[in-house]
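The primary structure of each chain is shown beneath.
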Amino acid sequence: MRDSLKVWFLASEVVPFAKTGGLADVAGSLPASLKDLGVDVSVGLPFYRMTKNGNYKTEEVLNGLEVPLGEAKRRGEVLKTSTQDGIPVYLFRQEDFFDRSGLYGTAQGDYPDNFERFTYFSRAALLFAKETGLRFDVVHCHDWQTGLIPAYLKTLYRTDPFFSDAASVITVHNLGYQGVFPAEKLPTSGLPASEFRPEGVEYWGKISLLKAGIVYSDAITTVSPRYSQEIQTPEFGLGMEGIFQKRSADLYGILNGADYDTWDPAIDPHIKAGYTFSDTKNKKECKVDLVNELGLDRRFVDRPVLGMISRLAAQKGCDLLVQIAQDIVQLDAGLVILGAGEETYQKFLVKLGREYPDSMAVRIGFDETLAHRIMAGADMLLVPSRYEPCGLTQIYALRYGTVPIVRATGGLDDTIEQFAPGSGQGTGFKFVDYEAKAFLEKIQEAVSLFEDNTTWMRLVTNGMKCDFSWERSAREYVSLYEKVKQAIKNKSEVRNDRRRE
Ligand code: ADP
Ligand code: GLC
């Protein structure tokens, strides 16, 4: 039992307390696997309105936490709850900042004070630990919202004995969100002005909180091996490729896992009837249920139904979908889309859905249970991403016997193997060029294979048998935590020796 490894796991969204995407799934399930491996893990996130509405049983553990924001101070409270697995979860309450309808903004755009909101959370997480004696060997940060934490440890708190042995790891879930803010905001963070330099938080004349996380942390991870390579190239680095290249010795690609307690048709409470790879007949019941619920024509019970569950953002290949949606309808396939995001995509898809109400169903919004019913009821899942750090929906789809049609990029490429009818090997369909034509060709290939039930079922069961559970990835995180912990310990021993000399 590794009872000595203590991890302070900080993310801006964590299932079930708050979610907009896959980060929440990861932050909600990885800690449980770490705990199974003997890690003493505590989780922290902001207390949003969404969290408040969940009515979790909480107790207030700190009242009047004062967090400096520039010259001013913001007061907040810390509430404690726990996950089903008994992991302590600390919720940072600051009503002005977090009691809002969205996590980061509305359909019209980001909240203008996101810098202040997440600076608050980052600093509060460290101050709370110190004030309450929550010791940790490693702080594991996620994305730009927590990027200041490694910077604080290496600057403001460098000589603070409470933090002297604390290492930091940041996981980059999505380089498309870099947390870029005007340089004038630097004093609000409390970082010394001297950190505003190319080797620090400066990014093209502005501040990037993600860059802060990458530059100051002891190790960096991304959520698939392929993406960890891609981000070191100009095509995927989105301006940060040089920063990653510089830190390539400390950069790791650790594939996300799936939480099969939540995403498994054998035990899923949200679907009509459960099924497993050895007995898939109830999948048809789920399909009938979906066709009825969404008002598709009855003939689609026997025709292929294609699903997509996604943020509607350029990253997700929405422009490709928009170009070929009508062609899909022409193939006499059903198309079911659940998504929320950019207004132009929302509007276009809703309009198209109205034109083809028999064969297309478009649901705009975030609907957790419908996501499960689509996963179970559809025959194929579309994930045509322009880039994809990992992607979770294609991994879940495999377990539901819903064949993924993906673009060969990032984690999609790492998790899906193109099916070869000759050998019967493979788990899905993969296209390479980011082009509508290439995407449509793969859909056509899938739709025609669907006619051959025996081969199709081979493909379905190949996917259902895959195992992407967290344990293997959690082990990789544990060895990384141990590595950075040891490195920090060695450094502080050297410092102490020097002092004694
Ligand atoms: P990303 O994090 O980039 O959005 P992932 O594939 O890693 O992509 O994770 C997406 C997660 O969010 C999945 O759990 C998926 O089911 C869920 N999801 C995305 N859009 C919706 C939606 N509109 N309603 C319900 N769940 C959604
Ligand atoms: C991000 C990425 C997605 C990844 C998820 C969880 O939102 O876009 O690819 O699966 O984070 O790591």
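Residues numbered from 1 in each chain as written. Chains lettered and ligands numbered in written order. Predicted model: local features only at pLDDT ≥ 70, side-chain atom pairs only at ≥ 80, totals over all residues. Heavy atoms only, no water.

To characterise two packed helices, one gives the angle between the axes of the helices and the distance between these axes. In the contact formed by helix α17 (residues 436-450) and helix α18 (residues 453-464), the axes pass within 7 Å of each other and the chain directions differ by 115°. From α17, Ala446, Leu449 and Phe450 reach across to α18, where they touch Asn453, Thr455, Trp456 and Leu459. Looking at the contact of α17 with α18 residue by residue, the class counts come to five nonpolar, two polar and no charged. (Axes fitted to C-alpha atoms, helices over the stretch in contact; angles between N-to-C directions. Helix = DSSP H or I, 4+ residues; strand = E, 2+ residues; numbered from the N terminus. Contact = heavy atoms within 4.5 Å. Nonpolar A, V, L, I, M, F, W, Y, C, P; charged D, E, K, R; others polar.)

Our next topic: the pairing of strand β19 (residues 403-407). Buried residues dominate β19, accounting for five of its five residues. Because side chains alternate across β19, one face comprises the buried residues Val403, Ile405 and Arg407, and the other comprises Pro404 and Val406, equally buried. Relative to β19, strand β18 (residues 380-383) is paired through four bridges, and the arrangement is parallel. Bridging from a neighbouring strand, Leu381 pairs with Pro404 of β19. Considered for its hand, the β-α-β crossover made up of β18, helix α15 (residues 393-399) and β19 is right-handed. Inspection of the sheet shows β19 paired to strand β20 (residues 429-431) by three bridges, in the parallel sense. (Buried < 20%, exposed > 50% of the residue type's maximum accessible area, 1.4 Å probe, protein only. Pairing = 2+ DSSP bridges. Right-handed = clockwise from strand over helix to strand, strands pointing away.)

If you check the shell around ligand 1, you find 22 residues, and the closest are Gly22, Asp25, Arg311, Lys316 and Gly365. Here an oxygen atom of ligand 1 and a side-chain polar atom of Lys19 are 2.9 Å apart. Arg311 has a polar side-chain atom sitting 2.7 Å from an oxygen atom of ligand 1. In the complex, 93% of the free accessible area of ligand 1, which totals 560 Å², lies under the protein chains. (Near = heavy atom within 4 Å. Polar contact = N/O pair within 3.5 Å; in protein donor to acceptor, adjacent residues only side chain to side chain. Areas by Shrake-Rupley, 256 points an atom, 1.4 Å probe, with all protein chains shown as cover.)

Glancing now at the sheet that holds strand β16 (residues 334-341). The parallel open sheet is built from six strands, whose spatial order is β17-β16-β15-β18-β19-β20. The outermost strands of the open sheet, each flanked by one partner alone, are β17 (360-364) and β20. Across the sheet, the mean angle separating the axes of adjacent strands is 15° when strand polarity is ignored. Pairing of β16 with β17, which is carried by five bridges, proceeds in the parallel orientation.

Turning next to helix α4 (residues 114-132). Helix length check: α4 (19 residues) gives 26 Å between terminal C-alpha atoms against 27 Å at 1.5 Å per residue, within 8%. Counting buried positions along α4 yields 16 of 19 residues, so the element is predominantly enclosed. Immediately downstream of α4, the backbone of Gly133 shows phi near 70°, a positive value. (Expected span 1.5 Å × (residues − 1).)

Quick look at a positive patch on the surface now. Together, Arg158, Lys491, Arg495 and Arg499 line one region of the surface with positive charge. Among the secondary structure elements, Arg158 is positioned in the loop between α5 (148-154) and β9 (167-172). Classification of Arg158 as exposed rests on a relative accessible area of 52%. (Patch = residues over 30% accessible without salt bridge, like charges linked within 9 Å, V, L, I, M, F, W, Y side chains within 5 Å. Salt bridge = Lys/Arg side-chain N within 4 Å of Asp/Glu carboxyl O. Lys, Arg positive; Asp, Glu negative; His and termini not counted. Charge placed at Lys NZ, Arg CZ, Asp CG, Glu CD.)

The assigned domain composition of the protein chain is domain 1 (2-257 + 471-500) and domain 2 (281-464). Taking only C-alpha atoms, the centre of domain 1 and the centre of domain 2 are 34 Å apart. The interface is formed by 20 residues belonging to domain 1 together with 20 residues belonging to domain 2. Across the domain 1 to domain 2 interface the summed buried area is about 1,600 Å²; carbon plus sulfur atoms make up 53%. If you sort the residues of domain 1 by the area they bury against domain 2, Lys19, Asn174 and Arg226 come out on top, with a joint share of 26%. The interface formed by domain 1 and domain 2 includes two salt bridges. Here Asp413 makes a salt bridge to Arg226, at a shortest N to O gap of 2.2 Å. On the surface where domain 1 and domain 2 come into contact, there are 11 residue pairs in polar contact (both at pLDDT 80 or more). Listed by contribution, the elements that provide at least two residues to the side of domain 1 that touches domain 2 are α1 (22-36) and α8 (225-230). (Domains from an automatic or database assignment. Buried area = accessible area lost by both parts, 1.4 Å probe.)

The next thing to look at is the nonpolar core. Nonpolar side chains in soluble globular proteins tend to be buried together. The biggest cluster of nonpolar side chains holds 175 residues, and the ones touching the most others in it are Trp8, Phe92 and Leu382. When residues in this core are grouped by element, the largest group, 10 residues, is from α4. Among the domains, domain 1 (2-257 + 471-500) and domain 2 (281-464) are the pair contributing at least three residues each to this core. (Core = buried A, V, L, I, M, F, W, Y, C linked by side-chain atoms within 4.5 Å.)

Here the focus is the site of ligand 2. As a matter of local geometry, ligand 2 sits amid 14 residues, with His173, Asn256, Glu388, Cys390 and Gly391 nearest to it. In this structure, an oxygen atom belonging to ligand 2 sits 2.6 Å away from a side-chain N or O atom of His173. The protein chains hide 93% of the 310 Å² of surface that ligand 2 would expose on its own.

Quick look at the sheet that holds strand β11 (residues 202-203) now. Ordered by their spatial adjacency, three strands build an open sheet running β10-β12-β11, and the pairing between neighbours is antiparallel. Each end of this open sheet is capped by a strand with a single partner; those strands are β10 (180-181) and β11. The pairing of β11 with strand β12 (residues 206-208) spans two bridges and is classified as antiparallel. Each bridged residue has a counterpart across the sheet, and for Tyr203 the counterpart in β12 is Lys206.

The next thing to look at is the pairing of β16. Of all eight residues in β16, six are buried; the element is thus mostly enclosed. In the sheet, strand β15 (residues 305-312) pairs with β16 via eight bridges, with the strands oriented parallel. Of the residues in β16, the one forming a bridge with Val305 is Gly334.

A few words now on the side chain of Asp268. With respect to the helices and strands, Asp268 occurs in the loop between β14 (251-253) and α11 (281-294). Of the buried charged residues, Asp268 lacks a salt bridge, with Arg373 as the closest side chain of opposite charge at 8.3 Å. Reaching out from Asp268, the side chain makes a polar contact with the side chain of Tyr400 at a distance of 2.6 Å. When neighbours within four sequence positions are excluded, Asp268 is seen to be in contact with Thr262, His372 and Tyr400.

The relation between two aromatic rings is expressed through the spacing of the ring centres and the mutual angle of the planes. For the coordinates displayed, the defined rule picks out 28 aromatic pairs. Ring geometry for Phe98 versus Phe118: centroids 6.2 Å apart, planes at 55°, classification tilted. Here Phe118 lies in helix α4 and Phe98 lies in helix α3 (residues 95-98), a separation of 20 residues in the sequence. Accessibility expressed as a relative area gives 0% for Phe98, which makes it buried. Exposure remark for Phe118: the relative accessible area of 0% places this residue in the buried category. Measuring from centroid to centroid gives 6.2 Å for Tyr152 and Tyr157, while their planes differ by 55°, and the two rings are tilted. Tyr157 matches Tyr152 in its accessibility class, with the two residues each being buried. Among the aromatic residues, those joined into a ring-pair cluster are Tyr48, Phe97, Phe98, Tyr104, Phe115, Phe118, Tyr120, Trp144 and Phe181. (Phe/Tyr/Trp six-rings, centres within 6.5 Å; stacked < 30°, edge-to-face > 60°.)

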